[in-house]
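Results of the structural survey
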Number of protein chains: 2
Amino acid sequence: MQLYFSPLACSMATRIAFYEAGVDARFVEVDPKTKRTLEDDADYLAVSPLGYVPALRTDDGEVLTENSAILQHVADALPQAKLAPTDARGRTHLQQWLCFIGTELHKALYTPLLDERAPAEAKTYALEKGRSRLDFLAKHLAHRDHLLDAFSVADAYLVTVLTWSVATPIDLTKWPALLAYVGRVRERPSVARAFAEERDLYVKEKARHAKA
Amino acid sequence: MQLYFSPLACSMATRIAFYEAGVDARFVEVDPKTKRTLEDDADYLAVSPLGYVPALRTDDGEVLTENSAILQHVADALPQAKLAPTDARGRTHLQQWLCFIGTELHKALYTPLLDERAPAEAKTYALEKGRSRLDFLAKHLAHRDHLLDAFSVADAYLVTVLTWSVATPIDLTKWPALLAYVGRVRERPSVARAFAEERDLYVKEKARHAKA
């Protein structure tokens, strides 16, 4: 499988999944500004027309998009890693969390806060609405280690998103349960490795943009 | 099963699924402003702490939230209606579309446009970013009747969301393929019935709010 990613973007959740499974995947870096791949300067829009990451080229050659679909596909393709419940009820709970993270956190809260082209009013609006979502999440995580009974692709996605807080006005110290969760999950070897590698690539990306 | 809904909200997709299956469900209306149920003036926040619809009480008594999780649960619970592919690849494609509709359309585009408290700048920003998503969708639907090979819960969700356009600056006549799709899908008896019923309830909701 081949993952199209940009450093520290939500595509990192899939990298974490691969590391959890101890599986070799090919990682193709996409510059989020130029929408070109770094390794061969190819047009990423030819792979995924809307230009956002992740996209996953499966072993059949098909290109999948949309984070929660890719994460479930990878979890199912690598069952030994146990990254998703296999019973119907557990799968529904996984889908609940993937949907919540994707819609309420990623899209409604973090995307406007992280987008430099978003107007200040859009950021304020997102932040006001988002607090209740973080409260809700903190309550859920106050007395458990993971979103579900064990680490899953939903945690890989959530830790990626919550870590974006440092680049936003969201101060996670106001939600001690979330801060503790992020600290705990980032200690997993798969997560620590993914963050370390992507942080380096992110610094290089910033340097490239500054030069351009 | 018992569906908590508000008229013409994204919860309508689940009503459509029930009508497709010809199954009796209980529909409990939630006032989106007061967050109370109409039938017995109960506090909806006690059912779903964040207060948004849909929520689904399953036959086991469990409350599920998040539209794409609920839609997949209902499709799986009513297999005779064939509202979701059962093969792995088809299910991944369904999840792609549910995720795209939920994140790129519903949350990133329509939510700010429909929210009267959203500042004008947030609306303009959403609209600019959203056009490429509608272009992409129109291209996909130009030569096919449904998002997948047959009608699915993703269509139930999409037709609900696209119909919100009338209350936004999105002029669907600029995307003839989307306009044709909405017209086509709304002719399905399940969809026509759901819209007719919820439109009536919506008018009553508006009258109630005007009086309050």
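Before going into details, it helps to say that this report is about the structure given with it. Since the model is a prediction, treat every value here as computed from it, not as a measurement. (Residues numbered from 1 in each chain as written. Chains lettered and ligands numbered in written order. Predicted model: local features only at pLDDT ≥ 70, side-chain atom pairs only at ≥ 80, totals over all residues. Heavy atoms only, no water.)

**A look at the interface of chain A and chain B**
Each partner contributes residues to the interface: chain A has 37 residues there, and chain B has 37 residues. Buried area between chain A and chain B, summed over both chains or domains, comes out near 3,200 Å², and the portion from carbon and sulfur atoms is 59%. Of all residues in chain A, Leu-50, Lys-107 and Tyr-125 of chain A bury the most surface against chain B, accounting for 18% of the area lost on that side. The interface formed by chain A and chain B holds six salt bridges in total. The closest approach of N and O atoms between Lys-129 of chain A and Asp-115 of chain B, which form a salt bridge, is 3.6 Å. In this assembly, chain A and chain B are joined by twelve residue pairs in polar contact (both at pLDDT 80 or more). Ranked by the residues each element gives to the side of chain A that touches chain B, the list is headed by helix α3 (residues 88-114) of chain A, at 14 residues. Residue classes in the side of chain A that touches chain B are distributed as 14 nonpolar, 13 polar and ten charged. (Contact = heavy atoms within 4.5 Å. Buried area = accessible area lost by both parts, 1.4 Å probe. Salt bridge = Lys/Arg side-chain N within 4 Å of Asp/Glu carboxyl O. Polar contact = N/O pair within 3.5 Å; in protein donor to acceptor, adjacent residues only side chain to side chain. Helix = DSSP H or I, 4+ residues; strand = E, 2+ residues; numbered from the N terminus. Nonpolar A, V, L, I, M, F, W, Y, C, P; charged D, E, K, R; others polar.)

**A few points about the pattern of salt bridges**
Tallying each qualifying case throughout the model produces 30 salt bridges over all chains. The shortest N-O distance in the salt bridge between Glu-198 of chain A and Arg-15 of chain A comes to 2.5 Å. Of this pair, Glu-198 of chain A sits in helix α7 (residues 189-211) while Arg-15 of chain A sits in helix α1 (residues 12-21); the two residues are 183 residues apart in sequence, bridging distant segments of the chain. When its relative accessible area of 0% is taken as the criterion, Glu-198 of chain A is described as buried. Of the residues examined, Arg-15 of chain A reaches a relative accessible area of 4% and is grouped as buried. Between Lys-107 of chain A and Glu-104 of chain B there is a salt bridge, with the nearest N and O atoms lying 3.0 Å from each other. Linking Lys-107 of chain A in helix α3 with Glu-104 of chain B in helix α3 (residues 88-114), this pair reaches from one chain into another. Across the pair, exposure class does not vary: Lys-107 of chain A and Glu-104 of chain B are buried alike. Residues joined by salt bridges that share partners form a network here, namely Arg-15, Arg-193, Glu-197 and Glu-198 of chain A. (Buried < 20%, exposed > 50% of the residue type's maximum accessible area, 1.4 Å probe, protein only.)

**Topic: empty space enclosed by the protein**
For the coordinates displayed, the defined rule picks out two cavities of 30 Å³ or more. Of the volumes computed, that of the largest cavity is approximately 350 Å³. The wall of the largest cavity is formed by 22 residues, among which Lys-107 and Pro-112 of chain A together with Lys-107, Ala-108 and Pro-112 of chain B lie closest to the centre. At the level of secondary structure, the elements contributing two or more residues to the lining of the largest cavity comprise α3 and α4 (120-141) of chain A together with α3 and α4 (120-141) of chain B. Tallied by class, residues from the lining of the largest cavity come to ten nonpolar, four polar and eight charged. In this model, the second largest cavity occupies a volume close to 120 Å³. What lines the second largest cavity is a set of 14 residues, among which Ser-68 and Cys-99 of chain A together with Ser-68, Leu-98 and Cys-99 of chain B lie closest to the centre. Mapped by element, the contributors of at least two residues to the lining of the second largest cavity are α2 (67-77) and α3 of chain A together with α2 (67-77) and α3 of chain B. Of the residues contributing to the lining of the second largest cavity, the split by class is four nonpolar, ten polar and no charged. (1 Å grid on protein atoms, 1.4 Å probe; cavity = no way out; pocket = protein on both sides within 12 Å on 5 of 7 lines; lining within 4 Å. Points joined across faces, edges and corners; volume = space filled by probe spheres on them.)

**Structural notes on helix α5 (residues 153-163) of chain A**
Residue and element names in this part refer to chain A. Of all eleven residues making up α5, eleven are buried, and the element is well covered by its neighbours. When we look at burial in α5, the residues that qualify are Val-153, Ala-154, Asp-155, Ala-156, Tyr-157, Leu-158, Val-159, Thr-160, Val-161, Leu-162 and Thr-163. Of the surrounding elements, those touching the buried residues of α5 are α1, α2, α3, α4, α6 (176-185) and α7.

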